[in-house]
Amino acid sequence: SMAEGAGAGLRLAELLATGRRLWEEVETGAEPSSGAPAVQDKVRQGLDALQRAAAMVAQLDLFSENEELEEIASADLKYLLLPALLGAMTLKQVDLSRRLEHLESARAHFWRFLKLCRSYGLGSFHLPPASPSGEEDAGSPSPGAPAAAQPSLVAMASSRQAKIERYKQKKELENRLASMRTFVESGQADEDQIREFYILQIQKWINTGLEEIESIDQEMVILRSRGTAKQSSAPPHGTSRQVRAPLKPFILTRDAAQAKVFGAGYPGLPTMTVDDWYEQRRRQGVVSGQSAPQRTPGIADEELQKQQQEKKEEEDDEEALQKARSWDDWKDTHPRGYGNRQNVG
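All of the points below concern the structure found in this document. Worth saying up front: this structure is predicted, and the values here are computed from it rather than measured.

### A few points about the overall build of the protein chain
Summing up its helical and strand segments, the protein chain has 13 helices and two strands in all. Residues counted as buried form 35% of the 345 residues belonging to the protein chain. Partitioning the intrachain contacts of the protein chain with sequence separation of at least 6 by distance along the chain shows that 67% fall at a separation of at least 24. Total accessible area on the protein chain is roughly 21,000 Å²; 53% of this is exposed by carbon and sulfur atoms.

Structure (structure tokens):
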């Protein structure tokens, strides 16, 4: 019935207003830390209100991708902002263990918002890819193509120019919005002015959405590469917690050539050949030459014998030199007695 529809509209308006108010309080808050319990409380309440509003908008079928902007009632225009506000609020969560999940969710909200704006012809901009650009090539760049990967100076200059333009537009938009806001909120504005006010707000959020997606993609690349570095140093799943610990801080490689490859790919992680590892352990008195194979956690005996056999076959002066170099490098980055801290063995 009509009354029910009106009731839903009223609840929807309240939910949006609540979510918006909470977002503004968090964004411009006086609290020194966004991690403060009071702030995170507002983030939770805001997300809840905005999510409920978004669910209602979907239920009421307010927007459609094959509809013209003119077909949207002026009073409904403000609900276009819901996904953008959801994205912004999602980013305000501080749980680091779930950061990647929050970034992915925020990105999806912003992207949906931008896609909707595009379909209504609001703003002229390139729609970013639907999923983070880092995903297909999350691996390290192939050594053959570092030059191609460098952005050209022309492109960098033009993107800098675009950023300056965007910043100017954003300031202009904010000034116009500020001057119209009290007028609209006091109920003095006519429908055209209300409409213009909401469209300006949407355009401001388009800028925000584009900027946020860009920085989300950058942060995701960093988080993912950290993740890969962590995985590469973790041994096979079968090994027990206690045995695993001392092996964590470096990548164990079969020989110096491999050490160079791994060293290049994971600059944060030192590499050590099997021999270097023994040598270091021997100096620390952890393994005696005789019992070495039995005492190696996480590596099968025959695997080791095979590796040592290969070592003997490959050994030549060049390799010995390489090995000495990589051992020196290793010593440079590790204080004497590194590894003694855990009682191994």
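Moving on from the model shown.
### Some details on the pattern of salt bridges
Summed over the entire model, instances satisfying the criterion amount to 18 salt bridges. One salt bridge in this structure joins Arg20 and Glu24, with 3.9 Å as the shortest N-O distance. Here the residue Arg20 and the residue Glu24 both occupy positions in helix H1 (residues 2-27), the gap between them amounting to four residues, near one helical turn. Judged by its relative accessible area of 17%, Arg20 falls in the buried class. A salt bridge links Asp41 to Arg44, with the nearest nitrogen and oxygen atoms 3.0 Å apart. Taken together, the residues span about one helical turn, with Asp41 and Arg44 both in helix H2 (residues 37-60) at a distance of three residues. Shared partners join several salt bridges into a network, and the residues in it are Arg20, Glu24, Arg181 and Glu185.

### Regarding the side chain of Lys78
Summarising the element assignment, Lys78 is placed in the loop between H2 and helix H3 (82-91). Notably, Lys78 is buried but unbridged: the nearest opposite-charge side chain belongs to Asp76, and the N-O separation is 6.2 Å. Excluding anything up to four places from it in sequence, Lys78 contacts Leu16 and Tyr198.

### Some details on helix H7 (residues 191-233)
For H7, spanning 43 residues, the distance from its first C-alpha to its last is 62 Å, which sits close to the expected 63 Å at 1.5 Å a residue. For H7, the N-terminal capping position is held by Asp190, with its side-chain oxygen 3.2 Å away from the main-chain nitrogen of Asp192.

### Some points on the packing of helix H6 (residues 153-185) against H7
Two elements in contact, H6 and H7, have axes whose closest approach is 9 Å; the angle formed by their N-to-C orientations is 145 degrees. Between H6 and H7 lies a crossing of left-handed hand. On the side of H6, the interface is formed by Lys163, Arg166, Gln169, Lys170, Leu173, Glu174, Arg176, Leu177, Met180, Arg181, Phe183 and Val184, while H7 contributes Gln193, Ile194, Glu196, Phe197, Leu200, Gln201, Gln203, Lys204, Asn207, Leu210, Glu211 and Glu214. Residue composition of the contact of H6 with H7, by class: nine nonpolar, five polar and ten charged.

Conventions used here
Residues numbered from 1 in each chain as written. Predicted model: local features only at pLDDT ≥ 70, side-chain atom pairs only at ≥ 80, totals over all residues. Heavy atoms only, no water. Helix = DSSP H or I, 4+ residues; strand = E, 2+ residues; numbered from the N terminus. Buried < 20%, exposed > 50% of the residue type's maximum accessible area, 1.4 Å probe, protein only. Contact = heavy atoms within 4.5 Å. Areas by Shrake-Rupley, 256 points an atom, 1.4 Å probe, with all protein chains shown as cover. Salt bridge = Lys/Arg side-chain N within 4 Å of Asp/Glu carboxyl O. Lys, Arg positive; Asp, Glu negative; His and termini not counted. Expected span 1.5 Å × (residues − 1). Polar contact = N/O pair within 3.5 Å; in protein donor to acceptor, adjacent residues only side chain to side chain. Axes fitted to C-alpha atoms, helices over the stretch in contact; angles between N-to-C directions. Left-handed = near helix turned anticlockwise from the far one by under 90°. Nonpolar A, V, L, I, M, F, W, Y, C, P; charged D, E, K, R; others polar.

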